[in-house]
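Fold and contact review
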Amino acid sequence: MIRRTWVNGVEQNTISASDRGLQFGDGLFETMALIGGKVRHVERHLDRLTLGCERLGIPCPRRAELLDEFSRFAGAEGRAVLKLVLTRGVSERGYRIPESLQPTRILSLNDWPNYPAEWWEQGVKVRWCKTTLSGQPALAGLKHLNRLEQVLARREWSDPDIAEGLMCDRRGYLIGGTMTNVFLVRGKTLTTPRVDECGVAGTMRTTILELANALGLEGAVQEIAGVDVAKAEEMFLTNALIGAWPVHQLGELRLPRSTVTRQVQSVLASSSPNRFRA
């Protein structure tokens with residue numbers, strides 16, 4: 001549930017019907033874990049937002065101003081989800097971008113998701129999605145507002161025991177989940193799919209790739225085919241809110257107890273004020 005919202009620094013929950021974020025999905029967003037009034041990995045989120053603004057040509061708010069606004073908006077909160085939406089702003093009808101648009105900035109405070117605790121402890125069940133991701137390097141890696149492919153993929157199942165669906169590109173290579181990045185473990189190699197054609201470069205994905213050496217693993221970013229998934233010794237899912245979920249079942253594929261995933265969870269817990277639990 002959304003607890004409260006600010007639009008351009010003012011407490012309200014409406015925007016113009018002519019906003020380009022609503023009309024065309026012309027904008028970006030960041031979904032952030034708020035713990036004790038502070039955003040976890042805030043610099044990683046703002047780095048990705050800055051990159052997205054550069055790619056789309058949207059004026060990016062100054063980092064210091066965003067940090068100040070985060071503090072004023074949610075600094076008194078305990079654990080919650082802080083979402084930032086930044087659109088190109090309000091314009092007349094048509095795709096052409098007028099000059100001197102004023103971006104629309106939306107902050108919302110949301111309840112922490114109520115995921116079962118056993119998903120961290122025992123692992124999750126996931127499935128393959130039929131919906132594929134289209135390639136577009138200009139948008140790849142970003143949290144842009146066009147999420148219809150993920151919406152269609154999430155419509156494919158209603159079983160509450162299935163935590164996530166995995167999505168491939170049009171060639172059949174694994175890209176990620178509808179809301180997560182994916183890691184495979186085989187031997188001493190920790191592999192995650194490339195996201196330079198489509199998909200999202202998650203903040204937790206970046207964090208775990210940087211942790212690989214400390215765990216005695218080689219981090220690798222590469223194309224992952226179905227045969228690679230079938231050979232995996234472990235699989236886990238990541239995002240900014242969940243940290244890491246072990247995967248114990250993908251369709252008919254059963255995966256063993258996740259030793260490396262437990263190490264990843266332990267390192268994340270020791271470096272965070274929150275232990276990534278429901």
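Scroll up a little and you will see the structure.
Structural notes, computed from the coordinates. (Residues numbered from 1 in each chain as written. Predicted model: local features only at pLDDT ≥ 70, side-chain atom pairs only at ≥ 80, totals over all residues. Heavy atoms only, no water.)

On to the packing of aromatic side chains. Pairs of aromatic rings are described using the distance from one ring centre to the other and the angle between the two planes. This structure, assessed with the given rule, holds eight aromatic pairs. Considering the side-chain rings of Tyr115 and Trp245, the 4.9 Å spacing of their centres and the 85° angle between planes classify their relative orientation as edge-to-face. Placement of Tyr115 in the loop between strand 6 (104–110) and helix 4 (118–121) and of Trp245 in strand 14 (residues 243–250) is noted, with a sequence separation of 130 residues between them. Residue classification places Trp245 among the buried positions, given a relative accessible area of 0%. Ring pairing ties together the aromatic residues Tyr115, Trp119, Trp120 and Trp245, which thus form one cluster. The positively charged end of Lys83 is found above the aromatic ring belonging to Phe29, 4.8 Å away from the centroid. Directly above the ring of Trp157 sits Arg154, whose terminal nitrogen or CZ lies 3.9 Å from the centroid. (Phe/Tyr/Trp six-rings, centres within 6.5 Å; stacked < 30°, edge-to-face > 60°. Helix = DSSP H or I, 4+ residues; strand = E, 2+ residues; numbered from the N terminus. Buried < 20%, exposed > 50% of the residue type's maximum accessible area, 1.4 Å probe, protein only. Lys NZ or Arg CZ within 6 Å of the ring centre and 35° of its normal.)

It is worth spelling out the pairing of strand 5 (residues 79–87) at this point. Most of strand 5 sits out of view: seven of its nine residues are buried. Across nine bridges, strand 3 (residues 27–35) lies against strand 5 in antiparallel orientation. Residue pairing across strands places Glu30 opposite Leu84, the latter belonging to strand 5. When strand 5 meets strand 6, the two strands line up antiparallel, connected through seven bridges. Looking at strand 6, one finds that Val81 is bridged to Asn110. (Pairing = 2+ DSSP bridges.)

The next subject is the sheet that holds strand 1 (residues 2–7). Strand order in the open sheet formed by six strands is 2-1-6-5-3-4, with antiparallel pairing between adjacent strands. Of all strands in the sheet, those with a lone pairing partner are strand 2 (10–11) and strand 4 (38–39), marking the two edges. Relative to strand 2, strand 1 is paired through two bridges, and the arrangement is antiparallel. Looking at the pairing, Trp6 lines up with Glu11 of strand 2. Against the sheet, helix 3 (residues 63–74) touches strand 1, strand 3, strand 4, strand 5 and strand 6, its axis set at about 40° to strand 6. (Contact = heavy atoms within 4.5 Å. Axes fitted to C-alpha atoms, helices over the stretch in contact; angles between N-to-C directions.)

The next thing to look at is helix 2 (residues 42–56). With 15 residues, helix 2 extends 21 Å from end C-alpha to end C-alpha; this agrees with the ideal 21 Å at 1.5 Å per step. Those residues of helix 2 that fall on the buried side of the exposure criterion are Val42, His45, Leu46, Arg48, Leu49, Gly52, Cys53 and Leu56. The arc that holds the buried residues of helix 2, viewed along the axis, is 160°, so those residues lie on one side. Packed against the buried residues of helix 2 are strand 3, strand 4, helix 3, strand 5 and helix 6 (203–211). The first or second residue beyond helix 2 is Gly57, which carries a positive phi of 75°. (Expected span 1.5 Å × (residues − 1). Arc of directions from axis to C-beta.)

Looking now at the nonpolar core. Counting residues in each nonpolar core, the largest one holds 22 residues, and the members touching the most others are Leu49, Phe70 and Leu82. Elements with a contribution of two residues or more to this core: strand 3, helix 2, helix 3, strand 5 and strand 6. Sorting elements by how many residues they give to this core places helix 2 first, with five residues. Beyond its immediate stretch of four places on either side in the chain, Phe70 contacts Met32, Val39, Val42, Leu46, Gly75, Leu82, Leu84 and Leu107. In terms of nonpolar packing, the next biggest core, distinct from the first, is built from 19 residues, Val126, Val182, Val229 and Val247 among them. (Core = buried A, V, L, I, M, F, W, Y, C linked by side-chain atoms within 4.5 Å.)

With that settled, consider helix 8 (residues 259–270). Taking 1.5 Å per residue, twelve residues should reach 16 Å; helix 8 reaches 17 Å between its end C-alpha atoms and fits that length. For helix 8, the complete set of buried residues consists of Val260, Thr261, Val264, Gln265, Leu268 and Ala269.

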